[in-house]
2 protein chains.
Amino acid sequence: MSNGITADQLMQRISEEYEGLSKQLKVIAKYIEEHRPTLVLERITDIAQACEVQPSAIVRFAQRFGFSGFSDMQALFRDSFAPAQGNVNNYQKRIRTVIASQDTPLSNTELTQSFLSACQQGLDELSQSLDPAAIDAAVELLYKAENIYVVGVRRMFPIASYVCYALQHTQKRVHLISGLGGMYHDQVRSIRENDLMIAISFQPYGRETRYCARVASQNKAKLLVISDSKMSPLARNASTVLTVKEGTAFAFRSMSSTISLCQALFIALSYRLELVIEETQDAGAYDD
Amino acid sequence: MSNGITADQLMQRISEEYEGLSKQLKVIAKYIEEHRPTLVLERITDIAQACEVQPSAIVRFAQRFGFSGFSDMQALFRDSFAPAQGNVNNYQKRIRTVIASQDTPLSNTELTQSFLSACQQGLDELSQSLDPAAIDAAVELLYKAENIYVVGVRRMFPIASYVCYALQHTQKRVHLISGLGGMYHDQVRSIRENDLMIAISFQPYGRETRYCARVASQNKAKLLVISDSKMSPLARNASTVLTVKEGTAFAFRSMSSTISLCQALFIALSYRLELVIEETQDAGAYDD
DNA sequence: TAATTTCTGAAATATTTTTTTCAAAACGCC
DNA sequence: GGCGTTTTGAAAAAAATATTTCAGAAATTA
């Protein structure tokens, strides 16, 4: 009974009609969307279990979209499966040649693919160049500090603000040096011995960050630096330096490695603090 | 009964012992070697038919190599399929077992490696699931908008702030809805037709972001949503939805894919605007 | 070539997986 | 709050799939 439709078209229809589905069918729709690649392998019972519904609900879902049953729907995914492989590599090759022979302009997707592969490379390199001693030291600094000041400007401000967000999930007092109102000075003023400053700075090493780091070390606070080189101007006074070399494409530096390292650091800290990570359920009231 | 072997090792053994097999089993061995990628999808009868043998012959084949039956052997291929890359998985498995058998605590580096590999997976998936039409549409929205409002709260605030930072490098007027002073309402108020709102929101879909998106669509502005599902509550009013499935480790979602997608989007926009990207030298006076 | 062993095909049986059915629960509407 | 409708859960029934069995065919050996 399968209507001569493609898997993509089906996904399209599912998302179009999502709002009109019952609670249970919504759960299933989401699951299907999120697990589309592995869907061919899963049995109806696997999916049912994952969605915490009865197998019959899955059948009802399939029927709701015009299939005779689950098997019928699965056949669709099975068909659209085979030609999925080998695509990625071709893409990469294609891009390399297109770039080499500056003739055809790049499509948005090609640009994106190309940048994503730079991100991958960056992560790869980070993963390979991890310095266990530095990481241990960093985690230890975090563990011991009760007050943590975080600074990063311009390109690195998002990272700094993420670090703050994450650290708010611990018992520590966390201070984001945002520079709001130009008040860098006022925001670092109160740092002192036994406090920790996390300074995130890459070339060309923002002046404000350097200033804050200087104040921190003048006040004898600990300094954890996240930067692109052990020789960065910030490294001099640092208790520990974590280095990250980001991937680049089109003269544009990725940020995936830096943010991933920061997240990893937080995970390691949580583990050390024996915190249960439940990032999903934050700030109850706001998130309904 | 499956011997703790990998799919590769099995293939190895099959080719080693090939000569000693009966005529029928040789046919099956060949078939398996040649169709390894699709093997997970095929039923015993499919294979039997393709080899022009009885299903029982397939079972005998599996048993000949130490499996309890066909299903058992297929499970091996199934396992070696989903998690794709070997390196990554071993790590993940290792960690899973270490966690399960609470004996040795994980080192910080192990935690970090493991999380980084989740990030990689996320990027991988993003790269494979890119929807060219959606990306084109997103770039077009950006290209056409003169005023761009960006909103993302809590976990997604860093992303939103990065998007703003990047867009400041174009001629467009960019407004970050920071909620500073609780003034979400006041910050979106002035959005109107022909403006664009970029809303970044993942489960559990922050209330503030939903509010802003609603205002945007009430005011007939365009809405570009970056989210984890086409069925997210924000998607309903969106002009375009870009979906990102992040990798997870330790119940912790990575952010690398989301930020990379945003960066890629910016690159594509710059390309469209024929901008030369020189992110390195920004804001002269401040940096150095 | 006869005896013995190994291999094969077909069908019976067992198992797993999917689908259907139906009663109970939840929901929406007066 | 009662009534009809829709949704859901559980389990029975059906279908699909895998495994075992066994008799006969091929191959091997003496």
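Before going into details, it helps to say that this report is about the structure given with it.

Calculation notes
- Residues numbered from 1 in each chain as written.
- Chains lettered and ligands numbered in written order.
- Predicted model: local features only at pLDDT ≥ 70, side-chain atom pairs only at ≥ 80, totals over all residues.
- Helix = DSSP H or I, 4+ residues; strand = E, 2+ residues; numbered from the N terminus.
- Expected span 1.5 Å × (residues − 1).
- Buried ≥ 20, exposed ≤ 12 C-beta atoms within 10 Å, placed from the backbone.
- Arc of directions from axis to C-beta.
- Contact = placed C-beta atoms within 7 Å.
- Near = placed C-beta within 6 Å.
- Nonpolar A, V, L, I, M, F, W, Y, C, P; charged D, E, K, R; others polar.
- Core = buried A, V, L, I, M, F, W, Y, C linked by C-beta atoms within 7 Å.
- Axes fitted to C-alpha atoms, helices over the stretch in contact; angles between N-to-C directions.
- Parallel < 35°, antiparallel > 145°, perpendicular 65-115°, else oblique.
- Left-handed = near helix turned anticlockwise from the far one by under 90°.
- Pairing = 2+ DSSP bridges.

A few words now on helix H2 (residues 23–34) of chain B. All names here are of chain B. For H2, with 12 residues, the first-to-last C-alpha span of 17 Å sits near the 16 Å given by 1.5 Å per residue. For H2, the complete set of buried residues consists of Leu25, Ile28, Ala29, Tyr31 and Ile32. One side of H2 carries all its buried residues, which in axial view fall inside an arc of 165 degrees. Facing away from the buried surface of H2 by more than 90 degrees, the exposed residues are Lys23 and Glu34. Packing partners of the buried residues in H2 comprise helix H1 (7–17), helix H3 (44–51) and helix H4 (55–64).

Turning our attention to the protein's contact with DNA strand D. With respect to spatial proximity, 19 residues lie near DNA strand D, and among them Gln24 of chain A together with Ile44, Ser56, Gly69 and Phe70 of chain B are the closest. Taken together, the elements giving at least two residues each to the surface near DNA strand D come down to helix H2 (23–34) and helix H4 (55–64) of chain A together with H3, H4 and helix H5 (70–79) of chain B. Partitioning the surface near DNA strand D into residue classes produces 7 nonpolar, 8 polar and 4 charged.

Quick look at the nonpolar core now. One finds Met197 of chain A together with Met197 of chain B to be the most contacted residues of the largest nonpolar core, which totals 152 residues. Sequence-distant contacts of Met197 of chain B, defined by excluding residues within four places in its chain, comprise Tyr149, Val151, Ile191, Cys212, Ala213, Ala216, Ala221 and Leu223 of chain B. Counting 18 residues, the second largest nonpolar core, distinct from the first, contains Leu39, Ala48, Cys51 and Ala62 of chain B.

What follows deals with unusual backbone geometry. Residue and element names in this part refer to chain A. The step from Gln203 to Pro204 runs through a cis peptide bond, and the omega angle for that step is 5 degrees. Mapped onto the secondary structure, Pro204 falls in the loop between strand S3 (196–201) and helix H11 (207–218). Even without a glycine there, the phi angle at Asn194 is positive, about 75 degrees.

All names here are of chain A. Packing of H4 against helix H5 (residues 70–79) brings their axes to within 8 Å, and their N-to-C directions diverge by 65 degrees. By the angle between their directions, the pair H4 and H5 is classed as roughly perpendicular. In this structure, H4 crosses over H5, and the sense of that crossing is left-handed. Between H4 and H5, the residues in contact are Ile58, Val59 and Ala62 and Phe70, Asp72 and Met73, respectively.

Turning to the pairing of strand S3 (residues 196–201) of chain B, a few remarks are in order. All names here are of chain B. Judged by how many residues are buried, S3 sits mostly within the fold: 6 of 6 residues are covered. The alternating pattern of S3 places Leu196, Ile198 and Ile200 and Met197, Ala199 and Ser201 on opposite faces, both of which are buried. Pairing of strand S1 (residues 147–151) with S3 involves 4 bridges; the strand directions are parallel. The residue bridging Ile148 from the neighbouring strand is Leu196, located in S3.

Further remarks concern the protein's contact with DNA strand C. The full set close to DNA strand C counts 18 residues, and Ile44, Ser56, Gly69 and Phe70 of chain A together with Gln24 of chain B are the nearest of them. Within the residue set of the surface near DNA strand C, elements represented by two or more residues are helix H3 (44–51), H4 and H5 of chain A together with H2 and H4 of chain B. Split by residue class, the surface near DNA strand C holds 7 nonpolar, 8 polar and 3 charged.

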